[in-house]
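Per-entry structural report
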Protein chains: 2
Amino acid sequence: MSTACDHHEEHQHHGLRGAALAAALTSAEARCAATQERLTAPRRRVLELLLGADAPLKAYDLIAAFGDRGEPAKPPTVYRALEFLERLGFAHRIESLNAYVPCRIEGAHVAAFLICDCCGEAAEVQPDLAAQVRAMARATGYEVRGVTLEAHGLCAGCRP
Amino acid sequence: MSTACDHHEEHQHHGLRGAALAAALTSAEARCAATQERLTAPRRRVLELLLGADAPLKAYDLIAAFGDRGEPAKPPTVYRALEFLERLGFAHRIESLNAYVPCRIEGAHVAAFLICDCCGEAAEVQPDLAAQVRAMARATGYEVRGVTLEAHGLCAGCRP
DNA sequence: CGTTCACCGTTATGAAATAACATAACCGCT
DNA sequence: AGCGGTTATGTTATTTCATAACGGTGAACG
Ligand SMILES: [Zn+2]
Ligand SMILES: [Zn+2]
Ligand SMILES: [Zn+2]
Ligand SMILES: [Zn+2]
C-alpha cells in the first residue's frame, strides 16, 4: 500500500516474527500434509511474506520481496502461489485493494474485512451474513458459491 | 465478461432500449441539474452504454464502444466518466470483475450484487447487512464509510 | 471583460494479471 | 531401477486495467 498514516504506529503490529512465524508455517505444512497438498518452496515463501506483513500486500510487493537477496520473482511464480494459498484457505484476496492477506480465522468461513483507508489495516471478521445473502439469493433461485465482503472506513486508531 | 452461456438467451434482456433508455437518460439529466452537476457528453455516453448493456461492462469495452462509428475513446475519457457516474450513484463498480453496471435501485443504498459466473448477469440487491456490519464495526471502534458486497454463483437460468 | 474552475483531449506510462510453452520434480507402478 | 501420468515450476512475452501529466476550452460569476 501507500497511504500509511503517521499517527499511531503501534496499531500496525500484526505481522508475525521469529518463533510465531515459524510456528505458523509449520502449522501450514501440517495442514497441507493432511490433505495431500504440498507447501512447496515458492508457496511457503509467499505465505511467509504475507504472515510477516503488517498490512495487505500487493502481488508486485510480493514479487519484489520474493528473493532472499533482493532478486524479484517472476509474476507467474507469485500468482500461482497465491492461487494455491487461496484455494487452501491460507490467504484471501481483497478485491477492492488488489491485495492479499493471510487468513486469520480458523476453519471454514466467509472472508470479510474491515479495511482502514488511512493506515491500510485490514481486519478479518466473521459476519453472520451468509445466511442473509443465501436467503435473498434463494428467493430468486440464485445459487451462492462465494461471497466477497469488504468494508472501507477508518479503524479506531485512525479516527479523528 | 467472456464466459457467456449458450442456454437461455432470454434471461439476459436487462439492457434498456429506445424509449426506456431515453427516459432513463432524461431522468439522469434531471437528477444532475438538481444538484448543480453536469451530465456532459462523455458522461452521458458512458451512462447510455451501461444502461443499454445486458451485463457488466469492462472499462475497455466502454472505450471500444464509445464512438458512434467505431472510433474508440481514450482511456481517461471513460475512466473520468465512470468516476463521475459512481460519485453520483448512477453506476457501480464491481470489484471482483473489474467491471461496471448502471445502478438499478432508487435512492441511497449499499450496492450489493448476485453475480452469475456462467452468463455474467449481475443482479443488484439490497441486503440488510449494513446494520450487521456496522454493529460489528462499532464493537471495535471502526467507522464504516462504504461496503462492497459481491456474491458469485449461478443464476436461476444457469443452474444445472 | 477578465478570472476562475471544472471539464476535456491527448500523450505517455505505470501497475496488475495472464498466455503460452518448455522443463523439472513427484508418485505409484511394474 | 525404469516408466508414465500428474503436478509444479521456469521463462518470455503479452494483455488487461488504470492513472499521471499537461495544455486547451468554455461555462459561471463578479
Ligand atoms: Zn480467513
Ligand atoms: Zn487505521
Ligand atoms: Zn445501486
Ligand atoms: Zn446465469
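Everything that follows concerns the structure shown earlier in this document.
A brief look at the structure comes next. Just so you know, these numbers come straight off a predicted model, no measurement behind them. (Residues numbered from 1 in each chain as written. Chains lettered and ligands numbered in written order. Predicted model: local features only at pLDDT ≥ 70, side-chain atom pairs only at ≥ 80, totals over all residues. Heavy atoms only, no water.)

Here we look at the relation of the copies chain A and chain B
Between the two copies of this chain, the relationship is a rotation about some axis together with a displacement along it. The transformation that overlays chain A on chain B combines an axial shift of 0.1 Å with a rotation of 180°, and the residual RMSD is 0.1 Å. Within this description, the copies of the chain are treated as partners about a two-fold rotation axis. Looking at the rotation axis and the C-alpha trace of chain A, the residue lying nearest is Leu149 of chain A, at 2.3 Å. When the interface residues of chain A are mapped onto chain B, 100% of them are again interface residues, pointing to one common binding face. (Least-squares fit on C-alpha atoms with pLDDT ≥ 70 in both. Contact = heavy atoms within 4.5 Å.)

Topic: the protein's contact with DNA strand C
Every one of the 18 residues lining DNA strand C counts as a neighbour, but Tyr60, Tyr79 and Arg93 of chain A together with Thr40 and Arg80 of chain B are closest to it. Taking the atoms of DNA strand C that fall within 4 Å of the protein, sugar and phosphate contribute 57% of them. Contact between DNA strand C and Lys74 of chain B: a phosphate oxygen at 3.4 Å from a side-chain N or O atom of the residue. In the environment of DNA strand C, a base oxygen lies 2.5 Å from a nitrogen or oxygen atom belonging to the side chain of Arg80 of chain B. Elements represented by at least two residues in the surface near DNA strand C include exactly helix H3 (59–65) and helix H4 (75–87) of chain A together with helix H2 (41–52) and helix H4 (75–87) of chain B. (Near = heavy atom within 4 Å. Polar contact = N/O pair within 3.5 Å; in protein donor to acceptor, adjacent residues only side chain to side chain. Helix = DSSP H or I, 4+ residues; strand = E, 2+ residues; numbered from the N terminus.)

Looking at the coordination of the zinc ion (ligand 4)
Residues and elements named next belong to chain B. Looking at the metal site, the zinc ion (ligand 4) is ligated by Cys116 (SG), Cys119 (SG), Cys155 (SG) and Cys158 (SG), spaced 2.3 to 2.4 Å from it. Classification of the site at the zinc ion (ligand 4) rests on its four donor atoms, whose angles at the metal span 106 to 112°, yielding the label tetrahedral. Motif for the zinc ion (ligand 4), donor spacing along one chain: C-x2-C-x35-C-x2-C. On the criterion of sequence distance, the pair formed by Cys116 in strand S4 (residues 112–116) and Cys158 in the segment after strand S6 (143–154) is long-range, its members being 42 residues apart. The class of Cys116 is buried, set by a relative accessible area of 1%. (Donors = N, O, S within 2.8 Å, 3.2 Å for Na, K, Ca; no water. Tetrahedral: all angles 85-135°; square planar, octahedral: opposite > 155°, others 65-115°. Buried < 20%, exposed > 50% of the residue type's maximum accessible area, 1.4 Å probe, protein only.)

Honestly, that's just the spatial picture; any functional story needs more than this.
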